[in-house]
Amino acid sequence: MSIRRILMICVFSCCAVAANAVSVAFQIAQHEDSRSDVRPSCYQIESGLFDFFFDKGMIVSNSPVFVSNDSGEQDVVFNESMMAAEQGGVRYFIEILCEFDVAESTNPDAALLENIKAVSWKVVDLKTDKVLGSGKKVPPSAKLYKKAEKGVRDFSHGIATDIYKFIR
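Description of the structure in this document. (Residues numbered from 1 in each chain as written. Predicted model: local features only at pLDDT ≥ 70, side-chain atom pairs only at ≥ 80, totals over all residues. Heavy atoms only, no water.)

A closer look at the side chain of Gln-30
- Among the structural elements, Gln-30 can be located in strand E1 (residues 23-31).
- A polar atom in the side chain of Gln-30 sits 3.2 Å from the backbone oxygen of Asp-37.
- Setting aside its immediate chain neighbours within four residues, Gln-30 contacts Arg-35, Asp-37, Val-38, Arg-39, Cys-42, Phe-66, Val-67, Ser-68, Cys-98 and Phe-100. (Helix = DSSP H or I, 4+ residues; strand = E, 2+ residues; numbered from the N terminus. Polar contact = N/O pair within 3.5 Å; in protein donor to acceptor, adjacent residues only side chain to side chain. Contact = heavy atoms within 4.5 Å.)

Some details on the pairing of E1
- By the criterion of burial, E1 is predominantly enclosed, with eight of the nine residues buried.
- Each parallel crossover has a hand, and for E1 linked through helix H2 (residues 40-55) to strand E2 (residues 59-62) it is right-handed.
- Direction of pairing for E1 relative to strand E4 (residues 92-100): parallel, over a ladder of eight bridges. Each residue of the ladder has a partner; that of Ala-25, found in E4, is Phe-93.
- Here E1 pairs with strand E3 (residues 66-68) via three bridges, running parallel. (Buried < 20%, exposed > 50% of the residue type's maximum accessible area, 1.4 Å probe, protein only. Right-handed = clockwise from strand over helix to strand, strands pointing away. Pairing = 2+ DSSP bridges.)

Quick notes on the nonpolar core
- By size, the foremost hydrophobic cluster in this structure holds 30 residues, and its most contacted members are Ile-28, Leu-49, Phe-53, Ile-94 and Ile-96.
- Every element with two or more residues in this core is listed here: E1, H2, E4, strand E5 (116-125) and helix H4 (148-167).
- If one sorts the elements of this core by residue count, H4 sits on top with seven residues.
- If we skip the residues at most four places from it in the chain, Ile-94 touches Val-24, Ala-25, Phe-26, Gln-27, Phe-53, Trp-121, Lys-122, Val-123 and Ile-163.
- Grouped together as the second largest cluster of nonpolar side chains are seven residues, Met-82, Val-90, Val-124 and Leu-126 included. (Core = buried A, V, L, I, M, F, W, Y, C linked by side-chain atoms within 4.5 Å.)

Remarks on unusual backbone geometry
- Although it is not a glycine, Asp-129 sits at a positive phi angle of roughly 60°.
- With respect to the helices and strands, Asp-129 occurs in the loop between E5 and strand E6 (130-137).
- For Asp-129, a relative accessible area of 59% corresponds to the exposed category.

Some details on the pairing of E4
- Of all nine residues making up E4, nine are buried, and the element is well covered by its neighbours.
- Relative to E5, E4 runs antiparallel, the two sharing nine bridges. By the bridge assignment, Leu-97 is partnered in E5 with Ser-120.

Some points on the packing of aromatic side chains
- This structure, assessed with the given rule, holds three aromatic pairs.
- Ring centres 5.4 Å apart and planes at 85° place the aromatic pair Phe-52 and Phe-53 in the edge-to-face group.
- Here the aromatic residues Phe-52, Phe-53 and Tyr-164 are joined through ring pairs into a cluster of three or more.
- A cation over a ring is seen here: Arg-39 above Phe-100, with NZ or CZ 5.4 Å from the ring centre.
- Above the face of the Tyr-164 ring, Lys-56 is positioned so that its terminal group lies 5.0 Å from the ring centre. (Phe/Tyr/Trp six-rings, centres within 6.5 Å; stacked < 30°, edge-to-face > 60°. Lys NZ or Arg CZ within 6 Å of the ring centre and 35° of its normal.)

Thoughts on the environment of Glu-95
- Secondary-structure assignment places Glu-95 in strand E4.
- Judged by its relative accessible area of 12%, Glu-95 is buried.
- Not counting residues up to four positions away in its chain, the partners in contact with Glu-95 are Gln-27, Phe-78, Met-82, Ser-120, Trp-121 and Lys-122.

Description of H2
- Given a rise of 1.5 Å per residue, 16 residues ought to cover 22 Å, and the 22 Å separating the end C-alpha atoms of H2 matches this to within 8%.
- Remark: Gly-57 follows H2 within two positions and exhibits a positive phi of approximately 85°. (Expected span 1.5 Å × (residues − 1).)

Shown next as structure tokens:
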């Protein structure tokens, strides 16, 4: 077999793999009455999800995290993000809602596992317009972690793992 033919097969194989990559988009909403800016924990969860899906070989996009205490507003933003993802050719859309409870927190502004009340999600297949699944995860005790940032990172990895079960 000639070198030229081998190179063409390699190039074609690489293009075929890239053309079949699965695309995922997600939107995170921070549900909270007491705050209007995005918490560092939300940014860490966003980063953890992005890294997880990218490491799985997926094409990942997301919309900026937003803060809301109104479920109607959340629905509007989720629908707008979903339509943008669909127009962009994305296969799966993930709605993520982060709820916080900092009433008894020693440091309410920090990215701490103890500040997160729960994270819920819904996975939609944009090609079939069907909900593939949903879930909710409550963080484990922050006492399990020596470093606070590791707790939030591990928690976001667990969320991504649960979501991935619906789209693989």
